[in-house]
Structures are given as structure tokens and as C-alpha cells.
Amino acid sequence: MIRLEWHAHSFGSSSFDDSDSDNDSYQTDLDFRSHLHRYPSNESSDSSGQAQYHLDAFLESVVAREDLPDAYELSVTPDDFVPSDPESESLDQHTEYDDEELLILNTPDALYQLFLNDKLQVWISTSKCGVRLAYIRVSTYGFPMAAKNKLSAPRNAQNDNVPSTRSSVPSNDTSALLAPPAGCDCAGLTVVWPDDLRPFAMLFPWERYHEGPDSLPFLVDLRTPSRPQVRSKRCKSFTLQEGVPCHECAKIAHHITHLADTAQNPKSHTNYRFLGLAHMQDLAKAYANQTRQLKLQGLNDLRKYMTSLTQLDDYHHLLMAISEQDIPRLRQIINVALHNGASVREIVNKLEDALEATLVFRLGGRQLLFALNQSLGLPSIRTLHTRCTFTTLTPTIGPIRNEQLDENICSVVLSSRTNITILRGVSLMVDEIALEEMVVHLGRYNKIAGLCWKHSHVVDHVLHTYESAITIAQKIQDGDVHLGKELTVIGVACFGEDELYPILAAPTCKTEDARDMEGLLAHAIERWNATGAASVIGPVWSFATDGDATRRAAGHRLFLKNPLSPDSELYGILGNMPGLNTMTGDAEVTLNFDFKHIFKRFCTLICSPSGIVLNNGHIINSMMLVRYLVWLPTYDETSVIKLLHPDDSQDVPRAIELMQAIVNFSKSQHALLNDSFSSDVETHADLMSITLLSHIIESILMPFINTKLLLSKQVHHLSCYSHLTFTIFCVHQRSFMPFQLYYDTQTAVKNIVFNIAKQQVLDRNSPFFLGDCRDDQLELMFGRSHMIGGHNSRCTYSQALDRLGAAKDIDGVFKRHPELDPGHQRLSLGKRIEDVDHINQQMWRGDIICGHCDLSSAWQRGCEIALFILTSSQIDPINYSFAELFRDPGTDILRPLGMNKYFGIAEEDPDNSSCVPNPLPAPVSMPSQVLETMMPDSEAGEIQVADMSTEDDDEEPMLTFEEALTTECVSDVPGTPSHHFPTDPSIPALVQGPGIRADDYLLYKDRWIHKQTICRLVINKEFISKSFNRLERVRGYTKVNKRIDMCAGRITDQNSFLIGDVFLTILQSARTISIAILRSISVTLNDVSRSLINTTSLKACHTTAKVTGQLLALMLTVPSPSSPLLFLWNGGYIKSRSAIPGTTESTERVVIVSVPSFLVEPINPEPTYIRLHEDVNSDDFLEIQGGQSMWQVSHGSLQAACEILWMKAVEAKLPLKSIACITPSDAKAFPYQLFDGTPAVVSVEACNLLAASEGKRITICPLCEAKVPNMRSHIGQHILCALTNTPESVSLKEPVGSVLPCGFCGRSGLPECSITIKVPANGPPVWETKCAYQHTFKYRFAETGSKNKPCRNIPLKCLLCHPALPPEPGKSIRRSPVVSVDAIWCYNMPNHILNGHEEYSVPGHRASGVPLPAAVWDSVKLTDLEQNAAQIPQAHWQVGHKGDKENVSSSKSRTRKHPGLELAASLPSKRPHTVVQPLQSSRTLLA
């Protein structure tokens, strides 16, 4: 190790400046070989004569002139080098000093002497502080440390210690030095490495690069990898010749050559420390190759060993098969196999196939078994019957009895599990399968079967005589007993096993009520315990069924009647789970519903036109999902429509695919969902609801299909589902989910939790598979029974029993050979794992050991997940305050509204519309809270009733029993008898022989008839075979997609109105007709649902299209002079109160309205943000849940749209009563109100008509919208002003009608404004009109007028159109019939005369003509009072008639009466009718 010591001599700059540029410094290693005199030389004197010291010349020679400071000086004066007494201060030239002494002296001469002795090196650095010269001591460890030179430079700067960089020392210019020039730096030796070798660094033996006895004597410099340098550890660091290494470095060339030779061809025995990295890599690769070869050799040897062992096992199996099994035709099987070149294993497989000949017989029947028996040597049918035991079910003949259940339990279950001693939980399950409605004769029991088990006790099942069959047929005809429509099957399955054991198969007429089914279920459990099966196999834990309403009610009565006892072992596990319903049946049996049925029904609900209500009332249905699921990259519009509207709603994989698509879509929209400032407000609202829906779907779906989940994670999901649906159901109830579906799903979750707890009590170390909580084992058995019948579900009762037994045998074969089982496509949970068609316990990868699951903590964790989801929804937090809600003992997940009220099981609950196999989607039917604006009756076409009468002439007459027997092609009686059975010679003999039993025949008219023939011809004579198509056998079936138009157009089409768009319409509320903004949820055309409709078709007047939408809640901005009134959507909906069935309580539901499309006005509101509006209260927008996006619409736009829509309603002659009327729970929410509480946007005319239709007087003028007490008088003034062209002081919203305006409303041409009058001879005139503004008035006072009511505009009978006839001869009057005639309003009479009576003159309009009669003139003459009241200028006043006095007030002529005109609606007048006065001269009527 080299140790360096510095002896510094500094040379400072006298003109140092801190503002100079960056330090320029370098360090130079100097190698002085010549003596440097310390006296100034003559040769070194400058031109000024000043002496130059050798040291100065030395510095100038080794340091570039430009690098030296402006002025520099030594830290010591020249006197330090040239003492006054040179003899005493300088070194003695003749005295020899050793190195230690020179170092102790520490004078420049001493240090220079050490430098010459190769003991010191010179290091020079220049900087702004000056020049520093330092001697560097180079010594070994044994060299003593010397003191540093005491010379120091002036410290004029802070950066004196800045490190310097090395550079080469210029040594060409030596003119300033008296000493010989200095040498060059030794750069070391450049390695010359052979080109055919790998890089030097990779072959260098780095293990020898250290200090030690075996180390290399040089150092390596790899800063330039392409030109490595080496330097001897004893390098002098300088050389006399540039580019030539020093002597020490030159010596290491032979070391490099030796290394190259070693690297060229290393010996195999070379120690690893002499090898480089490349050599080590080569060795590692060689060892790896050798390892692989050894592994391959080991695998080959292992395969050889395994092959040998397998062959030994095959021979062993062959010997065991021959020794243990009595294989029929063993020699033939082995000979055929060896002839075909089969190995020993194939021979063993052939023997096993021979043992499984049952599968061939059960699937293919006798003929297939015979063919394989002849070709492959399989056992014959006789051998199978001799050697094998087939499953045989005891039939249910008559009522269900104990012996039937006991025999099936013993023969089917207990006898097949004699070698199984492990106790397991048991699940009973019940379902139905289709059955042909016919009676069969069972020869084994000599009884008929196929009658319903509920009513068959009324008949004798033994056919004693022909009359017995007649009696049974009559009972069936009278309805006392029924033919079995379906077969009720009860099966037993053990948890942890896939095998099913049928224990009951009873025909049913589907008339059983809940109590009947309750007795049946209790009977099955009771016999299970009574036979000892509960102690041998295991106790009953649950009873599973599908969504049948009768079985649901029965199961509720039977299995939710007892609270969980505190003494139960389950209480400690389940007692700490708030919200869990702990009601059970006897022995803690719970009710269960198959989750696959739940999946199908859930998808049916989503895809229904009414959809599912989420969040604060937002509806999501199939039409909206079509709009969004196409965003997924794996779906297009066609595939999405097919997914939402499948041909078979029973398809489980399709249902799961739809649910997964919704979940995937929700997860792909996080960016848009988290964007609080999204301008697409409607889409953002839809996504929030779809996200909540996806959480619900994911929580119920993942526990059954995600095979990686732990059991505790599965409980997390199920608990989350229960809490989510509990909350939303509390808010929306039936609008969210049908009662039955909610009950079934929550019951299924409860059953799973109970069964996990029971398994923990039974065996904590056993796994619990959620897939066992189902009833699809029955579905699989039914599927196999259909497969046995050639996929034909039509079978008789006897055939059904045989098929169920065969299905059980086939199931046993498939359990032994699962690779042979093709599975069931419609019950598959999806292809989540390759080559697997449905998920089972063997495929589950997660830990499902029940002891590893803490139920209470898992349940609580699910609750926390649900709370996290709900906090981001738009639901009021009071609805998910679970801690408070579940404190009520009558509230839990099955009783969401408390009061111990269960939903879905009451008799008054309507049928579940979401229950499959109802069609999907069904014909459009709105929920009960949907209000509808109806079309007028004239627009609705008449329903033509088809003539259902049919002709019966072509029908063939029913054959009698004798005729039917005659037409039989083959007699029922067997061939010629071999001997006679009866002893009575009058009775014909019955054939005797194998398989012939006398009890199977009846004697009818001296002829033996088989009882099955009698059943067929007598009891089943009206038999009609059921449809082969499964869907057509479903009750209430309607073809799927019949009510869905899947070709309505693409959602990307322009000018289309899509589901989810916002529109305007007019609604009735609080006795007003006002504008309403709705969000569309469905569109129908000709009662066919569509996802979109063209806007042109939408607005057509004569269209059958209807739009259904949800009524939106709007908030009004604070009015200000600078901004118009705006309505902003607060994210909520208008709600109304709705009664809860079975209770006295009510709940709120979103108002849903269906309107004709011509009353729909689509709008595109303007997006905005809450923060931009200081004129609203942000607390009114809490339902947006922290978002900022919303939309706004101006008050003026709404008012204009309201008038347009009302005009459309008038044009369509829409009755007011047909407009939907709503009653919101908050009266201030709708109609939309101003801040003073008045309706903001209403149609005044419509409101008036509405008030009139309710029998109330209209007080708002339709022309000026003024509130007036007397509409006739007020409208009369408008008419007078219009007739005289007098401008009015108020602006009219609508001008007065130009042709004969109505005296009540001032309009012209409206059919309802036509008026008629009837003038009786001795009674007051009676007028009639349908004008909405009509009101009663006293005709006598209106005719004469008054100061308060000067208007005399009353309906008149035109005496010119209907003149009075002269009296009959000899009489004073002429009696004529009183009929209604068209009336003319008084102010319209001049125009009527102008147009209808051209022969008369009209003052002011037509001067020529016959003067008007006096009676006519008196009826139209205006008074000054009424003209003043109408503010008519006198220049426009009416001109009086010639001979008349001045116009005076009508109050002074109250006694003048017009002929035949009396007070309307008054008592009959006693004055006689007068004839028409003679014609008088005319006078101008109007100025």
C-alpha cells in the first residue's frame, strides 16, 4: 500500500479577484533529474536585469504562461533561498545527508535533494489563489512520517482547496531552466491482446487481482475497455521518453503474454482462480448441459420404470378382474381384443366396458345392447338382469303413503351407501317434470296409475270389471279426480357429493295449495328420519326448490316458524350476524332456492321493458343496456340484442354472460364515471345506476363462478348482496325487484350461511362447496330422462318411472367415468375453465374448508363493502343505517320494512312477472304506478270480435268401445291357448304362458281385453298428446321476442329518439295543465318495444307510438334582472305515495308516465355546472352525490313548448280527462313552481278547460289572461272593440275570432263553441253549447243590460231565418213544434245578416235592401252604456234607426220585451207569444 505525504510550497497571486472566472487548475507530476540551483543564474536574467531564480524558471517551464496568475510570488522571499550567509544556510555540498535528515531539514534544497533521490515527486497546481508547489512523498510502510513544510501561501480566496485535475506537463521549453529538462509521465503498458480471443476483461483472472503472495504485480486500468492499460505496482510514474513505459511497467509484458496463452487453451485441471469470467461462464454452461442430459436420462429411465410398473399393474388388474368378477363371455372378449392387437390395458378396458353394459342398455335399449353383444362381446340383456341390479322406483298409486317413501329410501338410498360411514348434511329438493295426461295400468301392482295424488283417493285403482273403468272415467269427467299433468319428484343429495337419489315420484294436477305442499314436504322429512337415514347418512339441512309460488309459500310456513334457540350449537356462530334472519323449521331445517334459477330470473328482470329501478329512482332496462353494452369491444349491436333477448330464457350460460357483460362494462367506465364535470349528464346518471347494478350482480354471481375465491370471500360477496338489495328494496320495493325474487335471493343467502355453520359443527375440516346449495341435480336427472326417450319429454307415468330409474343408473356410471359425461349445456355456468362445461367442487381452487371461515367477521366485512358502495350512490343514508335498522327484532334481510312482514309469500301478492318461463321480454305492460295519457275514443279503433264458431259437421263421430275394439289391428288376446284357465265352460279360455298374467285382463262380452287397452280406450279416450316443444308446454307462453322489434334501426342513426333521452309533455296536477320534463325509459310502436324511433314518426299526429318516462325534479334559479329564469335538474325524480301491500304503511315511488308520441317534444338541454350558479342553493342538489354536472333549460323555452303541446292536444281533440294526472308526495315539487308558490309553466287555456270540466267557473280570459268575474260580459267588450277596430289598452295573447266569434271565449271555428237555442211558446229560451268558458246567466237581465253589466251579447234566434208563421184561420196563434236551432250571438247578428240575408240592408255596411224588421233591429241595437263600457270612441258608435229616439240606457226600457225571448233557465212566462211586427225602414247598425 502506497502512502503519500504532501509538503506544500504555495505561490500566491498579488492581484487575485473574486470576480474572475471559474478556477482553472491542473496538477502535474514532475520528474526532476537535474539539479536546480537556488541561486539566480546569469543566464536567467530578464531584459530588465532582474535576476530570475531557478525555482521561478522551473515554474514557468512546467506551467503554461496563460495558466499562471497575473503576478505570483513565493510564500517566502528570495532570502529564504539565498541567505545572507550562504555558507551557514545552504547544504554542504560535500556532506552526505540521508533521506530522513533531508526530510527533517524541510528546506527547499533538502526537498529538492529528496526529489533527485527519487524519494519525492513534485505536484504543481495553479488557481486564482496562486501557484502551489508540493512535494509528494512516495514511500513504503517502513518510511517514517516527516513534518510538513511550514511555508504557506496567502489565503486571499475561499477556493484554495479546490481539487485540481491532472494534465501533461509541457517540458519542451527549457530555456528558462539551468537544470536538464524534466521527463514524461509513464502511461503504463497498453495491453496487446490477441484478436481471436474474447475481450481482455472477460478472460482476465480477477481472482488474482489482490494483494498477496499469489497476486499479479500490476494494476489494470479499464476506463477505455477497447485499449486496457496496465501499470506495474512499482511504476516510477515517469519516463524519459514519451510513449515508452517505464522500466518497471515494461517488465509486465511477459505476464500479459502468459495470461493470453493461458486464456487461449486453459487446461482442464486449471484452478478456477486462474480463469477469467468467460471461462467460468463456459464451465457453467457445460455443467448446465450436463445437468439437463442427466435429467433427460432420468426422465427416460423413469418413464421406462413407469411403463414397466404400468404393465405390471395392467397384468395385475387383468388377474383381479378375472378372479373377482364373473365377466360373461370372457374368452370371447380377450380373443377379440388380442385379434385386434389390443394391449393388456385395452383388454382391461374392454372388461370394464363389459361391466358397464348397463350404460349401453339404459341409453340405447335392448337393440343396441344386442348389437354390441354380437360385435364386441358385451353382456346380453339376460346376463344384465341376472348379474346387475337396476334402480326401480316405487310408484305413487293413490295418496302419498309412508310405505312408498320408506321403500324408495331403503332401496334407492340406503342400499347403495352401505360402504359409506361418513355423516353428511342432506338436502331435499323438489321439482316437476312434464307428464302425458293419461292413465296406465301397472301389471306388477294390478292397479292403474297416473291420477293426481291429491284427489285419487276417491276412486278404486283396481280394475275389477269394465264398469270400474267407466266409473273412473266418469269421475275424471266430473272433476272429482284429475289426470296427472306433471310428475312431482323429490330427491335427496348429500353435501359434498354430486349423486342424487329420487325417493318420490307422484303425479300432480297442479291444484295443490300451500298447505298440501307443506304436508308433502313435512311427510318426506318425517319418513327420512323414521327410516334411520338421518343417523346413517346425515340429517336434513335444507329443502331446495325453484321459484314455484306454491312451494315457496309451503316452505315459508314449514321452515320459517321457529326462532333459532339460544341452546343451539349454531346460535354462537350465527347470533353475531346483524340482519340475518334466524327463523328455521323443525330440526333447524332451512328453505333454499336454486341459484341458477335466480340468475335466470334476475336477467329476466333486467331485460324486461319495465326494467329495474336503482339509486334515487333511475330505471335501467334492456333498451338502455343495448345503448351501452355496444361500447364493449367484444360486442356489436346484433350480439347485444341477441344477448338481451334470447330465444330461450332458460339458458343459464346466456344469463351469466349477460351479467358478466354488465360487470365488465361498469369496470371499463371508471374514467367517465369519476368525471364530476362530464357534459353528458344523462349518460353519467345512467352509468351511476349501471355501476350500482353491476355491484349487485357481481356480489351474487362471483361466489358461484370464480373458482379462486376463498370461502370467506364468498361470504363477503353474499353479505354484500344481501345488504345492497335490502337497502334498495327498502327504497323502491317492487319497482326494484319483485317480491318473490327478493324473497328467494335472500333466502338462498341465508341458507348458505346456515349450512356453512352446520358444516362447521359437523366437521370443521371438511370443505363446503356453494354449488351444493342447488337443485339442478334434479334438472340433470330430468335431462337424462329426456335423453333416454330420444330427447322426447312426452312420457306416461310408467315410462317416467322407468326413465328416472335409468337416469339414476346412468348417473352412477358417469360418476365412475366422468370423462363420459357430456354435461348439460343449459345448466352450465360458462366456460371459465377449458374443457369443463360446469363448475364442480373438484375444480374449485380457493380454500373452502369451512373451519377456515369466520362467518361473523365475513358477514360484517360484506356489510362494510356494501356501505362503501352505497355511500357513492344517490340513496338517502337513512336507508342503509344498518346498525339502527337491525336493532328492530322484526327487521332483517327477509323483513326489510319491519313489522314482521315477509314479502313474496302472501296470497294477495300478484304473480311474479320476472319468473321464468314467462317470455322475455313480455308484451309491454307498465307497472302499477305508471300513469298514462290516453288517446280519445275516436282515435282508438274498434276491436273486431272474431267469430269463434266452428263447423262440427266435418268432425268424425267418437267410436264406441266395441267399435274401437273392432278396429284394433291386433287382438289383445295372445295366440291360441295351450290350455284353459277358467273352469266355467261359458267363459272363454285365457292364454297361459311366460309373461302372461290373468290379472292383466278383463272379460268384456266374452272377450279377454288387456287392462291397458281398456285404459286407453275408455279412460284416456280424449287423450291429446302434449307438444314436443318445451316452450309451448309452458303455461301462459308467448313467443320470445314477439313484442320486441330488433330491426328498429341502429342507435347511431341520426334524427332518432333513443331510450334515455329527455322529452317534454303536458300533465295534469293540482287542477292545472303544466309542462313536465321526463326521461324516457321505453318506446312502443303498435305495442312493440323499440330501442329508438325516428323523430318524424314520433311527432306524427296519427301514430300509435307511445313514450314512457320518469318525471324529473327541477330547481328554479333565483330571479335577477341580468339573467333569465332557469330550471336545473337536481338529479332527482318526482315521487308519489304508494301503499305497501298487506300493511297500512305507504312508500314513495318515482312517477312514471306513458303519453302518446305526438304529445312528446324532445329537447336537448344545455349542460352546466353547480359551481357556475350562485343563484341556486347547493343543498338542493345532494342527489348528484358530489358531482358538478347537470343541465338547464330556460323558463321561456318551457312556456313555448307548453303552448305547442297544448295546441297539438287540441288538434288531436284530446279530452282533458285523458291527460295523465299525478299527485306528488310533495305538492311543491310538481307542478314546477316559482318562488311565490304559483305554477311556473302552465297552459292557461288548458287550466280553464280543466276547471270547466270539473264544473267550476272559468275566471281567466283566454284572450288577455285577465281574471274576470263574468266571462260573457268581458268577452263581449273584446268583440265590440274588434268589430269597431278599436285598439285595446291590454295586449291580447290571442286575437278575437274574425267570423262569428263565440260569446264566451271570443274564438271562431271551434266545434265545441257552436251554440243552439230553443224558444218554447210559453217558456224561457234554452241555449246549449260545449264551450269550456260557458257559464249560466239570467237571460232577462242580460237582454236589457244594466249599469254593472251593460253587455247585451246574448244568443238569439234569428227571426229572419226562422220567422213566426201567421195564426191559423179562426185562431189567434199557430202552434208549431219547439226545436233547437242554431243561435246567433247578438254582436254577430250584423255579420250574419250580411252573409246570410243579402236582401236586407245592414246599416254601415250595406245601404241598399229591405229595411230590417223592428224586432230584429231591437235585438242588435247597441246602447250608449255598453259602448262606453267597451271604451269605443263616439266616432265609431252605432248609428240609430230612423224614427228612433236618442239612444238611451237600456235600464230605462226594461219593460220592452222581444217576442219569444225570455230569461234563460227561468220559470215559464205567462205572457202570450206575439207575432212579428211589420217591416220597418232600415238604419245604419254600426258606424
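Residues numbered from 1 in each chain as written. Predicted model: local features only at pLDDT ≥ 70, side-chain atom pairs only at ≥ 80, totals over all residues. Heavy atoms only, no water.

### So, the confidence of the model for the protein chain
Per-residue pLDDT for the protein chain averages 75, and the proportion of residues at 70 or more is 70%. Across residues 937-956 the pLDDT falls below 50, and counting only partners more than four positions away or on other chains, this stretch makes two contacts in the model. Per-residue pLDDT stays below 50 along residues 1046-1052; that stretch engages in 16 contacts with residues further than four places along the chain or on separate chains. (pLDDT = per-residue confidence, 0-100. Contact = heavy atoms within 4.5 Å.)

### Structural notes on the packing of aromatic side chains
Given two aromatic rings, one states the distance between the centres and the angle between the planes to describe the pair. Evaluation of the coordinates by the stated rule reveals 35 aromatic pairs. Both rings, one in Phe-1304 and one in Trp-1327, keep their centres 5.5 Å apart while their planes meet at 45°; by these two values the pair is tilted. One end of the pair, Phe-1304, is in the loop between α37 (1271-1283) and β39 (1315-1318); the other, Trp-1327, is in strand β40 (residues 1326-1329), with 23 residues separating them in the sequence. Side by side, Phe-1304 and Trp-1327 carry an identical accessibility label, which is buried. Here the aromatic rings of Trp-1327 and Phe-1337 are separated by 5.5 Å at their centres, their planes lie at 10°, and the arrangement is stacked. Highlighted residues: Trp-1327 in strand β40 and Phe-1337 in the loop between β40 and α38 (1339-1344), separated in sequence by 10 residues. The class of Phe-1337 is buried, set by a relative accessible area of 10%. (Phe/Tyr/Trp six-rings, centres within 6.5 Å; stacked < 30°, edge-to-face > 60°. Helix = DSSP H or I, 4+ residues; strand = E, 2+ residues; numbered from the N terminus. Buried < 20%, exposed > 50% of the residue type's maximum accessible area, 1.4 Å probe, protein only.)

### Thoughts on the nonpolar core
Counting 206 residues, the largest nonpolar core has Leu-574, Ile-1075, Ile-1077 and Leu-1111 as its most contacted members. Broken down by element, the residue count for this core peaks at 14 residues, all from helix α25 (residues 681-705). Within the second largest apolar cluster, 67 residues are counted, among which are Val-412, Leu-428, Ile-788 and Tyr-797. (Core = buried A, V, L, I, M, F, W, Y, C linked by side-chain atoms within 4.5 Å.)

### As for the packing of helix α26 (residues 711-732) against helix α27 (residues 739-762)
Following both chains from N to C, one finds α26 and α27 inclined at 150°, their axes separated by 11 Å at the closest point. Considering their axes alone, α26 and α27 lie roughly antiparallel with respect to each other. For the pair α26 and α27, the sense of crossing is left-handed. Here α26 contributes Leu-711, Val-715, Leu-718, Tyr-721, Ser-722, Thr-725, Phe-726 and Phe-729 to the contact with α27, which in turn contributes Phe-739, Tyr-742, Thr-745, Gln-746, Val-749, Ile-752 and Ile-756. (Axes fitted to C-alpha atoms, helices over the stretch in contact; angles between N-to-C directions. Parallel < 35°, antiparallel > 145°, perpendicular 65-115°, else oblique. Left-handed = near helix turned anticlockwise from the far one by under 90°.)

### Considerations on the environment of Arg-273
Secondary-structure assignment places Arg-273 in the loop between α8 (253-264) and α9 (277-324). Since its relative accessible area comes to 31%, Arg-273 is described here as partly exposed. If we ignore the near neighbours within four places in the chain, the residues touching Arg-273 are Pro-205, Glu-207, Arg-208, His-210 and Asp-214. A polar atom in the side chain of Arg-273 sits 3.3 Å from the side chain of Asp-214. (Polar contact = N/O pair within 3.5 Å; in protein donor to acceptor, adjacent residues only side chain to side chain.)

### Observations regarding the sheet that holds strand β10 (residues 229-232)
The three strands lie next to each other as β8-β10-β9, forming an open sheet whose pairing is antiparallel. The sheet terminates laterally at β8 (189-190) and β9 (218-221), the two strands that pair on one side only. Strand direction decides the pairing type here: β8 and β10, joined by two bridges, are antiparallel. Within β10, the position partnered with Leu-189 by the bridge is Val-230. (Pairing = 2+ DSSP bridges.)

### Some words on helix α20 (residues 595-607)
Spanning 13 residues, α20 covers 18 Å between terminal C-alpha atoms, matching the ideal 18 Å at 1.5 Å per step. α20 sits mainly inside the fold: 13 of its 13 residues count as buried. (Expected span 1.5 Å × (residues − 1).)

### A few points about helix α30 (residues 855-871)
For α30, built from 17 residues, the straight-helix expectation of 24 Å at 1.5 Å per residue is met to within 8% by its first-to-last C-alpha distance of 24 Å. Turning to α30, its buried residues are Leu-855, Ala-858, Trp-859, Gly-862, Cys-863, Ala-866, Ile-869 and Leu-870. Take α30 and look down its axis: the buried residues cluster within an arc of 145°, on one side only. Contact partners of the buried residues in α30: α19 (571-574), α25, α26, α27 and α31 (882-885). (Arc of directions from axis to C-beta.)

### Notes on the pattern of salt bridges
The final tally for this structure, using the stated rule, is 35 salt bridges. Salt-bridge contacts for Glu-497 lead to Arg-424; the nearest nitrogen and oxygen are separated by 3.1 Å. Here the residue Glu-497 occupies a position in the loop between β15 (486-494) and β16 (500-508), and Arg-424 occupies one in the loop between α14 (402-413) and β12 (426-434), the gap between them amounting to 73 residues. The partner of Glu-1148 in a salt bridge is Arg-1137, with the nearest N and O atoms 3.6 Å apart. With a gap of 11 residues between them, Glu-1148 in strand β34 (residues 1146-1150) and Arg-1137 in strand β33 (residues 1135-1139) connect regions that are remote in the sequence. We classify Glu-1148 as partly exposed; its relative accessible area is 32%. Classification of Arg-1137 by relative accessible area gives partly exposed; the value is 47%. Salt bridges linked by common partners bring Asp-431, Glu-432, Glu-486, Lys-510, Asp-546 and Arg-551 together as one network. (Salt bridge = Lys/Arg side-chain N within 4 Å of Asp/Glu carboxyl O.)

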